[in-house]
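Here is what each chain is made of, one letter per residue.
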Amino acid sequence: MKRIVTATVINQSGVLNRITGLMTKRQFNIESITVGHTETEGISKMTFVVNVEGDGKIEQLIKQLNKQVDVLKVSDITDQAIVVRELALIKVISNAQIRSELSGIIEPFRASIIDVSRENLTVQVTGDSDKIEAIIDLLRPYGIKEMVRTGITAFPRGSQRSVTDLKQYSILN
C-alpha cells in the first residue's frame, strides 16, 4: 500500500543520499520524492511516497528514519487530513488549427499554457495525482512529445476544533 511520509531534516550535503540509501537497504520502493526549503533557515522538508506491505513495515521505516542524525521529525501523514499537490509540465504536439481545441480541454483543469511554438505547446498543471492523470489521458491522443512530473508534496491541513472539543451547553440548567 502507498504511504505518504514526511521528514523534517537539516539541510546539508548528503542527507538525501543517506535517507534514500537507508530505504534501499531495507527494500522500500520509493515512488516519489520531493524536497524543499521550509520557513526555517537551514531546515528542509522531504515528502516520500513509499510502497510498503503492512503497518509493521511503515513503523519500521519511521523508526529507522528517526535514528538518522540529520532527521528532526518523521511523520506518516497518509491517514490524516492533508493538502497534496503535484506539478506536471506536458509538451503536446499541436498546430494553429488545434490550439483552441487544446485550450478548451485544459481550461476545466485550471491548467495553463506556458509556452507555444509552431509545432507544440507546453501545459502546466497542478493538483492531486488523479487530476494530473486525467489531463494526461485527454492530451495523449494529440501526441505528448515530452512530460515531467514533480511527484507529490504534502502536509497536514490546519488544525480545526472537532465537534467533541466544543463545550456542551444545555438550556435546561
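Remember, it's a predicted structure, so these values are computed and weren't measured experimentally. (Residues numbered from 1 in each chain as written. Predicted model: local features only at pLDDT ≥ 70, side-chain atom pairs only at ≥ 80, totals over all residues. Heavy atoms only, no water.)

A.B. asks: Which parts of the structure should I look at to understand the overall build of the chain?
C.D. replies: Along the backbone of the chain there are four helices and nine strands. When the helices and strands of the chain are placed in sequence order, the string is β-α-β-β-α-β-β-α-β-β-α-β-β. Relative to the compact-globule value of 16 Å for 173 residues, the chain shows a C-alpha radius of gyration of 21 Å, a clear excess of over 25%. Counting only C-alpha atoms, the chain reaches 65 × 60 × 35 Å along its principal axes. Across the 173 residues that make up the chain, the buried fraction comes to 35%. Sequence-distant contacts in the chain: of pairs separated by 6 or more residues, those separated by 24 or more amount to 71%. Split by element, the accessible area of the chain, about 11,200 Å² in all, is 50% carbon and sulfur. With 22 positive and 20 negative side-chain charges, the chain shows a spacing of 4 Å between the two charge centroids. (Helix = DSSP H or I, 4+ residues; strand = E, 2+ residues; numbered from the N terminus. Rg over C-alpha atoms; globule rule 2.2 N^0.38 Å. Buried < 20%, exposed > 50% of the residue type's maximum accessible area, 1.4 Å probe, protein only. Contact = heavy atoms within 4.5 Å. Areas by Shrake-Rupley, 256 points an atom, 1.4 Å probe, with all protein chains shown as cover. Lys, Arg positive; Asp, Glu negative; His and termini not counted. Charge placed at Lys NZ, Arg CZ, Asp CG, Glu CD.)

A.B. asks: How do you make sense of the environment of I105 when you look at a structure like this?
C.D. replies: Position of I105 relative to the elements: it lies in helix α3 (residues 99–106). I105 gets classed as buried once you look at its relative accessible area, which sits at 18%. For the pair I105 and E133, spaced 28 residues apart in sequence, the C-alpha separation works out to 14 Å. When near neighbours in sequence (up to four residues on either side) are disregarded, I105 contacts L138, L139 and Y142.

A.B. asks: Where do I start with the nonpolar core in this structure?
C.D. replies: Nonpolar side chains tend to gather and get buried jointly when the protein is soluble and globular. If you look at the biggest cluster of nonpolar residues, it comprises 18 residues, and the most contacted ones within it are I19, M23, V50, L61 and L65. Contributing elements (two or more residues each) for this core: β1 (2–10), α1 (15–25), β3 (43–51), α2 (55–66) and β4 (71–76). Once residues lying within four places of it in the same chain are set aside, the contact partners of L65 are V5, I19, L22, M23, V71 and V74. I90, F109, I132 and I135 belong to the second largest nonpolar core, which has 15 residues in total. (Core = buried A, V, L, I, M, F, W, Y, C linked by side-chain atoms within 4.5 Å.)

A.B. asks: How should the packing of α1 against α2 be read in this particular structure?
C.D. replies: The axes of two packed helices give the description: the angle between them and the distance between them. Between α1 and α2, the least distance of the axes is 11 Å, while the angle of their chain directions is 145°. At the point where α1 passes α2, the crossing takes the right-handed sense. Contact residues: α1 offers I19, L22 and M23, while α2 offers L61, Q64 and L65. Looking at side-chain class alone, the contact of α1 with α2 contains five nonpolar, one polar and no charged residues. (Axes fitted to C-alpha atoms, helices over the stretch in contact; angles between N-to-C directions. Left-handed = near helix turned anticlockwise from the far one by under 90°. Nonpolar A, V, L, I, M, F, W, Y, C, P; charged D, E, K, R; others polar.)

A.B. asks: How should the layout of surface pockets be read in this particular structure?
C.D. replies: Over the atoms, a rolled probe matching the size of one water molecule traces out where space is still vacant. Counted as a void, the largest pocket has a volume near 300 Å³. Every residue lining the largest pocket is counted, 15 residues in all, and those nearest its centre are K2, E31, V49, S129 and I152. Going through the elements one at a time, β1, β2 (29–37), β5 (82–93) and α4 (129–139) are the ones with two or more residues in the lining of the largest pocket. Looking at which element gives the most residues to the lining of the largest pocket, the answer is β5, with three residues. Looking at the lining of the largest pocket residue by residue, the class counts come to five nonpolar, four polar and six charged. (1 Å grid on protein atoms, 1.4 Å probe; cavity = no way out; pocket = protein on both sides within 12 Å on 5 of 7 lines; lining within 4 Å. Points joined across faces, edges and corners; volume = space filled by probe spheres on them.)

A.B. asks: What exactly am I supposed to notice about a positive patch on the surface here?
C.D. replies: A cluster of basic residues, K25, R26, K63 and K67, forms a positive patch on the protein surface. With respect to the helices and strands, the residue R26 is situated in the loop between α1 and β2. (Patch = residues over 30% accessible without salt bridge, like charges linked within 9 Å, V, L, I, M, F, W, Y side chains within 5 Å. Salt bridge = Lys/Arg side-chain N within 4 Å of Asp/Glu carboxyl O.)

A.B. asks: Where do I start with unusual backbone geometry in this structure?
C.D. replies: In most cases, non-glycine residues show a negative phi, while peptide bonds are predominantly trans. Phi angles above zero are rare outside glycine, and Q27 is one such case at about 60°. Along the chain, Q27 turns up in the loop between α1 and β2. Accessibility expressed as a relative area gives 73% for Q27, which makes it exposed. In this structure, R110 is a non-glycine residue whose phi angle is positive, near 55°.

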